[in-house]
Structure formats: C-alpha cells, structure tokens
Amino acid sequence: MFRRRGRAQVPVVARAEGGALALDGVGRTYRGGDVVALHPTDLVVGRGRFVAVMGPSGSGKSTLLQCAAGLDRPTCGTVRVEGVEIGALSEAALTRLRRERIGFVFQAHNLVPSLSVAENVALPLMLGGAAAADEATAARAAVALAAVGLGDRTTDIPAELSGGQQQRVAIARALVTDPAVVFADEPTGALDPSTAHDVLALLRQAVDHDGHTVVMVTHDPTAAAWCDEAVFLTQGRLVAAMDRPDAGRVHAVMRRLGRRGVAA
Ligand code: ADP
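To start, this report covers the structure provided alongside it.

Conventions and cut-offs
Counting restarts for each chain, with residues numbered from 1 along the sequence as it is written. Selection of residues for local features in this predicted model requires a pLDDT of at least 70, selection of side-chain atom pairs for listing and counting requires 80 or more, and totals for whole chains, interfaces and linings are taken over all residues. Note that the side-chain values use all heavy atoms of the structure and ignore hydrogens as well as water. What is meant by a nonpolar core is a set of buried Ala, Val, Leu, Ile, Met, Phe, Trp, Tyr and Cys residues, joined one to another through side-chain atoms within 4.5 Å. Three exposure classes are used, based on accessible area relative to the maximum for each residue type with a 1.4 Å probe and protein chains only: buried under 20%, partly exposed in between, and exposed over 50%. Helix numbers and strand numbers start at the N terminus; a helix is a DSSP run of H or I with at least 4 residues, a strand a run of E with at least 2. In what follows, residue pairs with any heavy atoms lying within 4.5 Å of each other are defined as contacts. Strand pairing is assigned whenever DSSP detects at least two bridges linking the two strands. Axis lines are fitted to C-alpha atoms, over the contacting stretch for helices. Their N-to-C directions set the angle, which ranges from 0 to 180 degrees. For this document, the term salt bridge refers to a Lys or Arg side-chain nitrogen within 4 Å of an Asp or Glu carboxyl oxygen.

### Observations concerning the nonpolar core
- Counting 46 residues, the largest nonpolar core has Met54, Val121, Leu145, Val169, Ile171, Met216 and Phe232 as its most contacted members.
- Element by element, the count of residues in this core is highest for helix 6 (residues 193–210), at 7 residues.
- In this structure Ile171 touches Val105, Val148, Val199, Leu202 and Leu203, once residues within four positions along its chain are discounted.
- Core analysis: the next-biggest nonpolar cluster, separate from the first, contains 30 residues, Leu64, Leu94, Phe104 and Val181 among them.

### Here's the deal with the sheet that holds strand 6 (residues 76–81)
- With antiparallel pairing, 4 strands are arranged side by side in an open sheet as 4-3-6-7. At either margin of the open sheet sits one strand with a lone partner, and together these are strand 4 (35–46) and strand 7 (84–85).
- Where strand 6 meets strand 7, 2 bridges bridge the pair, whose relative direction is antiparallel. Looking across to strand 7, one finds that Arg80 is bridged to Glu85.
- Of the strands in this sheet, strand 3 (19–30), strand 4 and strand 6 are in contact with helix 1 (residues 61–68), which crosses strand 3 at around 120°.

### Remarks on unusual backbone geometry
- Here the phi dihedral of Arg31 falls at roughly 50°; this positive angle occurs in a residue that is not glycine.
- Among the secondary structure elements, Arg31 is positioned in the loop between strand 3 and strand 4.
- The residue Gln235 is not glycine, and still its phi comes out positive at about 50°.
- Here Gln235 shows up in the loop between strand 11 (229–234) and strand 12 (237–243).

### Some remarks on the pattern of salt bridges
- All chains considered together, the criterion is met by 11 salt bridges.
- A salt bridge links Asp72 to Arg28, with the nearest nitrogen and oxygen atoms 2.9 Å apart. Here Asp72 is found in the loop between helix 1 and strand 6, whereas its partner Arg28 is found in strand 3, with 44 residues between them in sequence. When sorted by exposure, Asp72 lands in the same class as Arg28, which is buried.
- Here Arg73 makes a salt bridge to Glu91, at a shortest N to O gap of 3.0 Å. In this pair, Arg73 is assigned in the loop between helix 1 and strand 6 and Glu91 in helix 2 (residues 91–101), connecting sequence segments 18 residues apart.
- For Arg73, a relative accessible area of 36% puts it in the partly exposed group.
- Within the structure, one salt-bridge network assembled from shared partners comprises Arg49, Glu229 and Asp243.

Next up, the structure:
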C-alpha cells in the first residue's frame, strides 16, 4: 500500500492520473523547530477524488490542510495545485490562486450575515473583479445554488436558513469558481447526522457529477465512508491509507491510532 521514502510514507492508492494536489516533503514546525506539527509528508490527490484526512486530535490534520491550501507556508517541502508550486508564488498570485483554484468549506460556514445567499455565493467571483450586478455572475451563483438544492432561497439572508442549509450555501460558494481542489475542514462537525448526510452527499455529487476534487478533514468514520480514500495521521506523520473506506474499518484504525499512536 505504501512506497517508503525514508520519511513519511506515500499512499500510492492516491496516485490517480494527474494530481490535482501534490505535497512533496511538506513539513511544519513551530517555535524554531521545537514543535513538529507535521513531519515531511508526501501526498498526491488525483483529480476527481474525494479524500478524507483523519487522525486523533493534535495529529497534524489542520496543519496539513492549511499548508496544502496555501493558508499557511510549510517550513519545508513543496505544494503543487494542478502542477503550480504555490510556495514560489508572490502573495498577490497566491491570493488569486486561493480565490480562483481553491474552494474552502469550514465547520463554521463563514457566510457574510448582511449579504443575501446569492451574494454570498457570488463573493469569490466579485473578489475576482466581477461586478455584483453582472448577469453572468448572478447566473453562475444561481447555478451553484440550484446544484445544492437552494435555487429558491437566493434572496434570503443566511440567518433565515437552517445550519445545514447554510453549509450548503458554503458548498455552493466553494464550487462557484470551479476550483481545482475543495478543502473541507470538519464540514459536518456542527451538524446532526441527517443534515450531515445531505452535506456529504453534495460533496460526493460534486466529485461524481462534476469531477471536482475534495480533501476533507474529519474525525468521523461515517463521513470518511463517503470518500474514495482515507489517509491517517498520527503525531504529525502520515501512517496509513485506506482505499474505499467503510466506517467499521476506519473506526478500527482510529481506535488503534488513539491507543498506540501508530497504525497496526
Ligand atoms: P489536528 O488538526 O490534528 O488536531 P493540528 O494540525 O491543529 O492537529 O496540530 C498539530 C500539532 O501542532 C499539535 O500538537 C498542536 O499543538 C501543534 N500546533 C499547531 N499550531 C501551532 C502553533 N501555532 N504553535 C505551536 N504549536 C502548534
């Protein structure tokens, strides 16, 4: 399952043709190297894959996601999004890449309360220079909202929606630019199981129907079971990968990681 490289192992099952995302020796330390949040790690996520990043609390999941998404600069290694090395970009170019080629879905959906649902979804396009009143912008937002089943709520403000509906708006906003990779950080962490199911089904649909690539941090084996692959971190190291995960097997690995700090 792994190719050993004398550092963090490479989950070869993730090597589908043409990586949407490639991490090569990506590591992150704090306090001058005293705290190692992420040891040098390799990971390739193929286009059109849905990958879960799992591990106990403090294992480095958020650090990996932040580095991969260009929200944090790794201490070592390179991150490529569709072949573009993001560490080599200027701040302005990185901001643009994050806006146009990367989508984000967080546990707290971060919608702007004073903007309508449609304006929230159009926001990444508007930040890219599109006019709010632009017909094409409105049309793209409407298509993205229809895809998440909220085509009839465009003029509502976020407070008029349920938590699950707000998360669906956040997914529409993440997809509206047709990004190379969508990063989701515990997107169902604040939702009840039935609403979580709907949100995960939408992410799955984005992958299956529209060819999107999704990397999702989760601690929930049920959520991981929606993915094509799960990779497991512990103590800042990527230690295991599972193709076509199911909740039972994921739960067993998580239990082992929690108990011993390493995969059996
Ligand atoms: P996870 O997302 O799996 O809970 P994190 O990536 O947040 O883990 O953290 C991994 C490790 O790095 C933890 O031990 C955490 O305490 C440490 N860490 C994260 N951010 C910082 C920081 N800004 N300063 C010092 N240590 C940090």
